[in-house]
Amino acid sequence: QVQLVESGGGLVQAGGSLRLSCAASGRTFSSYAMAWFRQAPGKEREFVAAITGSGGYANYADSVKGRFTISRDNAKSTVYLQMNTLKPEDTAVYYCAARETLYYSDDSADYDYWGQGTQVTVSS
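Our subject in this report is the structure included herewith. These numbers come from a predicted model, not from an experiment.

Another aspect to go through is the overall build of the protein. Scanning the protein from terminus to terminus reveals zero helices and 11 strands. Scanning the protein from its N terminus toward the C terminus, one meets helices and strands in the order β-β-β-β-β-β-β-β-β-β-β. For a compact globule of 124 residues, the expected C-alpha radius of gyration is about 14 Å, and the protein comes in at 13 Å, within 12% of that figure. The dimensions of the protein, computed from C-alpha atoms along their principal axes, are 40 × 25 × 25 Å. Across the 124 residues of the protein, 44% fall into the buried class. Across the protein, every contact between residues at least 6 apart in sequence was considered, and the portion connecting residues at least 24 apart equals 59%. Accessible surface, the protein as shown: approximately 6300 Å² in total, 45% of it carbon and sulfur.

Once that is clear, we can look at unusual backbone geometry. The residue Ser77 is not glycine, and still its phi comes out positive at about 50°. Summarising the element assignment, Ser77 is placed in the loop between β7 (68-73) and β8 (78-83). On the accessibility criterion, Ser77 (16% relative accessible area) is buried. Its identity is not glycine, yet Thr85 carries a phi of approximately 45°, on the positive side. One can find Thr85 in the loop between β8 and β9 (92-99).

Among the secondary structure elements, Ser105 is positioned in the loop between β9 and β10 (113-114). For Ser105, a relative accessible area of 11% corresponds to the buried category. Here the side chain of Ser105 touches Asp107 through a polar contact of 3.0 Å, landing on its backbone nitrogen. Excluding residues within four positions of it along the chain, Ser105 makes contact with Phe47, Ala50, Arg99, Asp110 and Tyr111.

Turning next to the pairing of β9. Among the eight residues of β9, six are classified as buried, and the element is accordingly described as predominantly covered. In this structure, strand β4 (residues 33-39) lies alongside β9, joined through seven bridges in antiparallel fashion. In the strand pairing of β9, Ala35 is matched with Ala97. In the sheet, β9 pairs with strand β11 (residues 118-123) via three bridges, with the strands oriented antiparallel. The residue of β11 that forms the bridge with Val93 is Gln119.

Criteria and thresholds
Residues numbered from 1 in each chain as written. Predicted model: local features only at pLDDT ≥ 70, side-chain atom pairs only at ≥ 80, totals over all residues. Heavy atoms only, no water. Helix = DSSP H or I, 4+ residues; strand = E, 2+ residues; numbered from the N terminus. Rg over C-alpha atoms; globule rule 2.2 N^0.38 Å. Buried < 20%, exposed > 50% of the residue type's maximum accessible area, 1.4 Å probe, protein only. Contact = heavy atoms within 4.5 Å. Areas by Shrake-Rupley, 256 points an atom, 1.4 Å probe, with all protein chains shown as cover. Polar contact = N/O pair within 3.5 Å; in protein donor to acceptor, adjacent residues only side chain to side chain. Pairing = 2+ DSSP bridges.

This is the structure in structure tokens:
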């Protein structure tokens, strides 16, 4: 069983930056692929970024490529999402997810554990 707790959300102006963190409980954090998804009001949850258990490989949605960076610190059992050049369309609740395998997926159905979400609001 893994518990995930996100933090770092907030209100920021367009063009600004935020860094989200997701702290995981439980053992063998490095054996889990991790991902960030987001859900805007009235929209379906969508993939943002994912990273392998080792942190050696990452994947991004086209909409955030070049602006967002996912990383992890396995010693701290934490995954991060650095978000730069934020746009109003990035406004959403951001969720951290863990998958019981080393390899990531961009399908939310493939993830086994979810955090409670953290709100990110980007004003224009």
